[in-house]
Amino acid sequence: MSVPYHFDEVARLPLPGDNVAVATRQLDAGTIINYQGQALILNYTVMEGHRFAVKAIGPGESLLSWDLPFGVAIKSIKPGNYVINKAVLEALTFRSLEFALPATPNFSDQIPPYVLDEVNFQPAQALPASSEMRTFMGYRRSEARGVGTRNNIVLLGTTSITGSYVKQLAARLQGELKHYPKIDGIVPVAHTEGSVEQPNNLALLLRTLAGFIVNPNVGAVLIVDYGNETVTNRMLEAYLREHHYPVDDVLHQFLSIKGGFQENLTIGENIVRDWLLTVGAMERTPESISHLKIALQCGGSDAFSGISANPLLGWISKELVRYGGAANLAETDELMGAESYVLQKVRNVETARKFLTLVEQFKERAAWHGTSAEGNPSGGNKYRGLYNITLKSIGAARKKAPDTRLDYAIDYAEPMNESGFYFMDSPGNDLEGIAGQVAAGCNLIFFTTGNGSVTNFPFVPTLKVVTTTRRFELLANDMDINAGQYQEGMSMDELGSQAFELMIQTASGQRSVGEKAGHSQVQIWRNWRQTDASQLDTLLNAPQPTGKPIAIRTDVAATTNPIRFTRASAGIGLILPTSLCSGQVANMIALQLNKQGLGGSEKISHFVALAHTEGCGNNGGQPEQMYARTMIGYITHPLVKHCLLLEHGCEKTHNDFMLHQMEEMGVDGSLLGFASIQLDGGIAKVSQKVEAWFADQLSVAGPSTKETVGLEGLRIGIISDGSVTDAASGQFAMLSKMIVSAGGMVVVPENSRLLSTTAYREKVLTSSNVQPSLAYGEHARLTGFHVMGTPTEHWVETLTGLAATGVELIIALVNGQPMQTHPFVPMLQVASELTVQQTYANDLDVVLTGDPTAWTGHILERCKQTIEHDYTPRLYRQGNVDFQLTRGLLGVSL
């Protein structure tokens, strides 16, 4: 018999009226807890953050936390019973647990919809203003822009196409910062948007980019495009002026890339260098804290987020509003189920209506894509006790204090022009929400986390608040504030006062933990493809490719080529982040390993990390299946020698999820490495673990071997940008037939115009209506000719899926400007058009001139040089590299 615990030793009750409590540590089955004169005996093991009943709950009765319902009992629940729903039960099956789970759930997620009572609505009074004057040391901009907490030079890619340009330009300029201590950073802002025709997120994309440009933390900004994208600098400047953004108050320049990548990097360098003296002379001055506008965000939340960390932000935001500042609460789907709390004090009925309208619009958009907001809680949320969106929302809403009035409900990235407490429409996706808040004018971010998210934004400092002392101690080098002290007896007033002072110090220039770590990410609310539900059934029931190669024409003889290739067995070391939140850490570790020289040997060539924006903050179903399939395509890629999966720790697609997916697809995961930023103790410790794992693999690896093959050993992808000339089409048709007829593999994406050309159809295809043989990102198990499905026209998304099929080389037929290359699959840029050859001579790898019948030989010779490592594609050398997973036609942010 176990020794009984006092309730306060092992559990918390958020409010006295609740009928379920939160376990503050893992409690084994049979544990006895003394609660209000009764002995509760736990019938199952209750994990930390999960809940157990403290009162009898009959079938049909509500389960309550914070006095609000989050579920309905579907069977009798006795005091001491572990409470669990279907979603968490299913989520835990992916985890390696050492204890038994209930066979069936005992509550469901039935929550009645909220209805605004407009007849009896009473406008709430504003908080009393503080009589005290508080200041911080900030950068005063124009009156329209406000006061900055940082002084950055921002390099902004207008669309995803110039993302790699701004990243390379920033890298070139980092050495200048030591000469200008008053410049906090020269930072790239690269994102995934604006590169598809007719994006549905166009309005919010322009609004976000405009807000970034005039944010008071920006000392100067270079805005970069090519001038031929869906969203251009010309459009953006017109939007800025039409909507009266104070763009002329910002030191700025619009740059359209014309010509070679390298030459334009030099142009960008010269522009920024001319700004350094001016931006470096900007001074901090004492400014009222009424100029502070704080973003309130949460990520990797747990059951304690609503008990400690989020109420702490409620305390801070209430105080700041009293001083005349502003606070911005976002994440629309993470307030569903908490409407009654959010709207208990509102400035006017119009604001309440706007809030509810935004909620309904969010639900409708999700439904168009075959999902609902119930898909929001991540695997990490559920693992740490957030059973459903309602429970998550109830805790998330505590970032607004009970007596704080909701003053405004605004659209995503809409400017915050007044003081007060704001709600801003956004997905629960952390990075997408933060981007909107920064564009709205926030100059400091508070980020609460239960699991230990390490998110940072490039030019606005982030203070990370962790919910429990245990998690803070595990991640002490990555967190700023330990809200767990509240659970251990510190009053909220004392904790709030300390955090408020840290906010002022950080606003005045003291660097946050994240700034010291030196990593950051940007993601704007991603485009969604559906505008109604009319296509939903068709998309959900679309036939899947068979994986079998497509027969090619045999009535047109294939030419032969005796060329031979010598291929080495040494491949890359791949660090594969399982979600967006571990991407930048993966990049840092790969860079560190390459600097240490662990790669570059005959056993492994170098280390690569594939940072991306998926794995959390979007819906399941088809998009999640596509994601898992593509990730596994990289795990099994023939150019990968050793692969380690790096999870953040709280995402939907964590390491255990990926292992389960591999088992489902018949892939052996026993040779992989696994690491977790959160569970392994933060960035420094996980870096050491990853380094040690790769060192162990290399210590037992045998020497590299070589094999010589002909065309039968080639696995190539062919991708095209824009229209294709007849001459190029004919020669690429012969190249494809030559390789496939010899026993090799050719993969062409479905969206390539090459497939629709007369020459390619007549020489290669047996039908004018060729259907994909491979799904997007599917590893090709059989050689031959394949067409890969492509749900979007996005170049980098197409390239990312194509490389995952297992091709070892990609040939890109360029009609416009040369495009971004892949992080580790070599891509040769080939052009037959004279104007392209002349304009981009320094970026092209193969120039097709003269007799077209000789072109195939030229291409194969360059392929041979590349495979044998005697040639490196030019744009790869220059750093024009990108990687982005698609969400397909049914992906939507949550």
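Participant: Any chance you could explain the pattern of salt bridges here in plain terms?
Facilitator: Side chains that differ in charge, positive against negative, can pair when their charged atoms come close. For the structure shown, the criterion picks out 31 salt bridges. Of the charged contacts in the structure, one is a salt bridge between Asp302 and Arg384, with a shortest N-O distance of 2.7 Å. Taken together, the positions of Asp302 in the loop between β17 (293–298) and α7 (305–322) and Arg384 in the loop between α10 (379–383) and α11 (389–396) put the pair 82 residues apart, joining distant regions of the chain. Pair check on accessibility: Asp302 and Arg384 agree, each one buried. Within the structure, one salt-bridge network assembled from shared partners comprises Glu193, Glu432, Arg526, Glu614, Glu797 and Arg887.

Participant: Hey, could you run me through the sheet that holds strand β16 (residues 285–288) in this one?
Facilitator: Whether parallel or antiparallel, the strands of a sheet pair through hydrogen bonds between backbone atoms. Strand order in the open sheet formed by three strands is β11-β10-β16, and the pairing between neighbours is antiparallel. The open sheet is flanked by β11 (147–148) and β16, the only strands paired with a single partner. As judged from the two bridges shared by strand β10 (residues 135–140) and β11, these two strands associate in the antiparallel manner. Each residue of the ladder has a partner; that of Tyr139, found in β11, is Gly148.

Participant: Can you help me understand the packing of helix α19 (residues 622–635) against helix α24 (residues 795–804) in this one?
Facilitator: Geometrically, a packed helix pair is captured by the angle between its two axes and the distance between the axes. As a packed pair, α19 and α24 sit with axes 8 Å apart at the nearest point and diverge in direction by 55°. It follows from the interaxial angle that α19 and α24 lie oblique. Along its contact with α19, which presents Thr630, Gly633 and Tyr634, the element α24 presents Leu799, Thr800, Ala803 and Ala804.

Participant: So what exactly am I meant to see when it comes to helix α9 (residues 349–368) here?
Facilitator: Each α-helix winds once per 3.6 residues, and so residues spaced three or four apart point in a common direction. Here α9 contains 20 residues, and its C-alpha end-to-end distance of 29 Å stays within 8% of the 28 Å for a straight helix at 1.5 Å per residue. Turning to α9, its buried residues are Val349, Thr351, Ala352, Phe355, Leu356, Leu358, Val359, Phe362, Arg365, Ala366 and Trp368. Packed against the buried residues of α9 are α8 (339–342), β19 (408–410), β20 (420–424) and α17 (536–540).

Participant: Looking at this structure, I do not really get the side chain of Lys392. What am I missing?
Facilitator: Relative to the assigned elements, Lys392 resides in helix α11. A residue is classified by how much of its surface remains accessible, and Lys392, at 8% relative accessible area, is buried. Non-local contacts of Lys392, meaning those with residues more than four positions away in its chain, are made with Glu334, Asn376, Pro377, Asn381 and Leu386.

Participant: Explanation requested: the packing of aromatic side chains in the structure shown.
Facilitator: Any pair of aromatic rings gets described here by the distance separating the centres and the angle formed by the planes. What the rule picks out here adds up to 21 aromatic pairs. Ring geometry for Tyr165 against Phe261: centres 5.9 Å apart, planes inclined by 90°, an arrangement best described as edge-to-face. Note that Tyr165 is positioned in helix α3 (residues 163–173) and Phe261 in helix α6 (residues 261–280), a separation of 96 residues in sequence. Given the relative accessible area of 1%, Tyr165 is considered buried. According to the relative accessible area criterion, Phe261 is buried, its value standing at 2%. Measuring from centroid to centroid gives 6.1 Å for Tyr239 and Tyr245, while their planes differ by 35°, and the two rings are tilted. The same class applies to Tyr239 as to Tyr245, namely buried.

Cut-offs and rules
- Residues numbered from 1 in each chain as written.
- Predicted model: local features only at pLDDT ≥ 70, side-chain atom pairs only at ≥ 80, totals over all residues.
- Heavy atoms only, no water.
- Salt bridge = Lys/Arg side-chain N within 4 Å of Asp/Glu carboxyl O.
- Helix = DSSP H or I, 4+ residues; strand = E, 2+ residues; numbered from the N terminus.
- Buried < 20%, exposed > 50% of the residue type's maximum accessible area, 1.4 Å probe, protein only.
- Pairing = 2+ DSSP bridges.
- Axes fitted to C-alpha atoms, helices over the stretch in contact; angles between N-to-C directions.
- Parallel < 35°, antiparallel > 145°, perpendicular 65-115°, else oblique.
- Contact = heavy atoms within 4.5 Å.
- Expected span 1.5 Å × (residues − 1).
- Phe/Tyr/Trp six-rings, centres within 6.5 Å; stacked < 30°, edge-to-face > 60°.

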